[in-house]
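So the chains spell out like this:
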Amino acid sequence: MTGTVTHDPPPGAAERPGRPLIVTEDAVLLDDLLRLCAAAGATPEVHHGVPESGDGWATAPLVLIGDDAARRVRGAARRPGVVLVGRDQDDSGVWKRAVEIGADHVLMLPDGEAWLVDRIADVAEGIGRPALTVGVIGGRGGAGASTLACALAVTSAREGLRTLLVDADPLGGGLDVLLGGESAEGLRWPAFAASRGRVGGGALEESLPELHSLRLLSWDRGDCVAVPAPAVRAVLAAARRRGGTVVVDLPRRLDDGVAEALAQLDLALLVVPAELRALAAAGRVASAVGMVVRDLRVAVRGPYAPGLDGHEVARLLGLPLAGEVPVEPALLRPRGGAKPPGATGRGPLARFCGNFWERALVEAGGIR
């Protein structure tokens, strides 16, 4: 059982890594809390009461108070981030004790273990603002979605943002090839296929190939062509917790894994060449994707068929216009050793990506 007592979170606590503080004299409860901290990758500070110096109480990003210690900490300075932990599901008095010590959450073991591990892991990772997560999907085959996804990620990294590019299309040939890094060391999607629950954000980042100042999660050359939805959920959640930006190159087919990726997007760009057949295909894609994605926008790519421009394409699809993607034919078929899309920081595609991030980050509330 878990429950919440209304309380504001500590200012800046989500942005600073630190050691959780455990206050208890219950040896059995302490063993449980130490086990959960170990599972979350955190090393706690343990006291029987409020630390004498007071510093640990004031600065710990998370304080776990055993129900046995509630009376001993009653006179301590009020602070957010306090969790009262007990075992007796039938003890109605626990809520009164929680209010007396200023706890913002009441948790009963063992039912609340999963929640507590996640909370402790957030502390261990120093969780800040989640990454701005952008998906790119083609309105039809060959629309240039992968090229745009790579250019967006390369531009984000060049601007100094922590950036992860995710290749969610196992049949697309591999974004590592597009970035010229097919032989780069690091894990690919099949290594995460069995992932469940929580994946460490830092461990994920360090395990992936680093190319052009960004991290890339792509596919290997094996037979794996799908990753279960729970694994997609765990990996993308870990990526988002690291902050910065995440760019996801999406396939036009929808399965459970792709639906999970769509559900984690802050916004998606539907890349549509400005010609009638592409417009018809894009309408079907938009109908499917729009059922999951909260914010779907159209990025129109020329050349333009007679009577069409970016605004007309957006109007016909009933979607907001994200912009008109400039044509750079040489980037659609990169050769070995060639620089990836947007790498030089010059040219119309790089300018489009720079302008996109400037607007998107402002909409999301600033740099992450």
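Treat the numbers as computed from the prediction; the structure is a model and nothing was measured.

Cut-offs applied
- Residues numbered from 1 in each chain as written.
- Predicted model: local features only at pLDDT ≥ 70, side-chain atom pairs only at ≥ 80, totals over all residues.
- Heavy atoms only, no water.
- Helix = DSSP H or I, 4+ residues; strand = E, 2+ residues; numbered from the N terminus.
- Buried < 20%, exposed > 50% of the residue type's maximum accessible area, 1.4 Å probe, protein only.
- Contact = heavy atoms within 4.5 Å.
- Areas by Shrake-Rupley, 256 points an atom, 1.4 Å probe, with all protein chains shown as cover.
- Axes fitted to C-alpha atoms, helices over the stretch in contact; angles between N-to-C directions.
- Parallel < 35°, antiparallel > 145°, perpendicular 65-115°, else oblique.
- Left-handed = near helix turned anticlockwise from the far one by under 90°.
- Nonpolar A, V, L, I, M, F, W, Y, C, P; charged D, E, K, R; others polar.
- Expected span 1.5 Å × (residues − 1).
- Arc of directions from axis to C-beta.
- Core = buried A, V, L, I, M, F, W, Y, C linked by side-chain atoms within 4.5 Å.
- Pairing = 2+ DSSP bridges.
- 1 Å grid on protein atoms, 1.4 Å probe; cavity = no way out; pocket = protein on both sides within 12 Å on 5 of 7 lines; lining within 4 Å.
- Points joined across faces, edges and corners; volume = space filled by probe spheres on them.

(A) A look at the overall build of the chain. Across its full length, the chain holds 13 helices and 14 strands. Among the 368 residues that make up the chain, the fraction classed as buried is 52%. In the chain, the proportion of contacts linking residues at least 24 apart, taken out of those at least 6 apart, comes to 73%. As presented, the chain carries roughly 16400 Å² of accessible surface, and 52% of it is formed by carbon and sulfur atoms.

(B) Structural context of the packing of helix α1 (residues 27-40) against helix α4 (residues 113-125). Axis separation between α1 and α4 bottoms out at 8 Å; the angle between their running directions is 55 degrees. Here α4 runs oblique to α1, going by the angle between their axes. The two elements α1 and α4 cross, and the hand of that crossing is right-handed. Counted together, Leu33, Arg35, Leu36, Cys37 and Ala40 of α1 and Glu113, Leu116, Val117, Ile120, Ala121 and Ala124 of α4 form the full contact between these two elements. When grouped by side-chain class, the residues that make up the contact of α1 with α4 number nine nonpolar, no polar and two charged.

(C) Region of the structure containing α1. A rise of 1.5 Å per residue sets the reference length of α1, with its 14 residues, at 20 Å; its end C-alpha atoms lie 20 Å apart and thus fit the reference within 8%. Listed in full, the buried residues belonging to α1 are Leu29, Leu30, Asp32, Leu33, Leu36, Cys37 and Ala40. Projected down its long axis, α1 carries its buried residues within an arc of 160 degrees, all on one side. Across from the buried face of α1, at angles greater than 90 degrees, the exposed residues are Ala27, Val28, Asp31, Ala38 and Ala39. The secondary structure elements touched by the buried residues of α1 are β2 (21-23), β3 (45-47), β4 (63-66), β5 (82-86) and α4.

(D) Layout of the nonpolar core. Counting residues in hydrophobic clusters, the biggest one holds 46 residues, and the most contacted among them are Trp189, Leu250, Leu270, Val313 and Leu317. Mapped onto this core, the elements with two or more residues apiece are β8 (163-167), α8 (229-241), β11 (245-250), α9 (256-263), β12 (267-273), α10 (276-289), β13 (296-301) and α11 (310-317). Sort the elements by how many residues they give to this core and α8 lands first, with seven residues. Those residues in contact with Val313 that lie beyond four places of it in its chain are Val272, Ala274, Leu279, Val298, Val300 and Leu308. With 36 residues, the next largest nonpolar core counts Ala143, Ala153, Val247 and Leu267 among its residues.

(E) Highlighting the sheet that holds strand β7 (residues 132-138). As summarised here, the arrangement of the eight strands in space is β9-β10-β8-β11-β7-β12-β13-β14, forming an open sheet in which the pairing is mixed. The open sheet has two free edges, formed respectively by β9 (210-211) and β14 (321-325), since each of these has just one partner strand. Two elements, β9 and strand β10 (residues 214-217), share two bridges in a ladder whose sense is antiparallel. In the strand pairing of β10, Leu211 is matched with Leu214.

(F) Fine view of unusual backbone geometry. Here Leu109 and Pro110 are connected by a cis peptide whose omega angle stands at 10 degrees. The phi torsion at His212 lies on the positive side, around 55 degrees, for a residue other than glycine. Within the element layout of this structure, His212 appears in the loop between β9 and β10. According to the relative accessible area criterion, His212 is partly exposed, its value standing at 36%. The residue Ser213 is not glycine, and still its phi comes out positive at about 70 degrees.

(G) Molecular detail of empty space enclosed by the protein. Counting across every chain of the model gives three cavities of 30 Å³ or more. Each pocket or cavity is described by its volume, and for the largest cavity that value is around 130 Å³. Taken together, 17 residues line the largest cavity, and the ones lying closest to its centre are Ala168, Trp219, Val232, Gly257 and Val258. Of all the elements in the fold, those that place two or more residues in the lining of the largest cavity are α8, β11 and α9. The biggest single contributor to the lining of the largest cavity is α9, with three residues. Looking at the lining of the largest cavity residue by residue, the class counts come to 14 nonpolar, one polar and two charged.

Any functional reading would require information that these geometric values do not contain.
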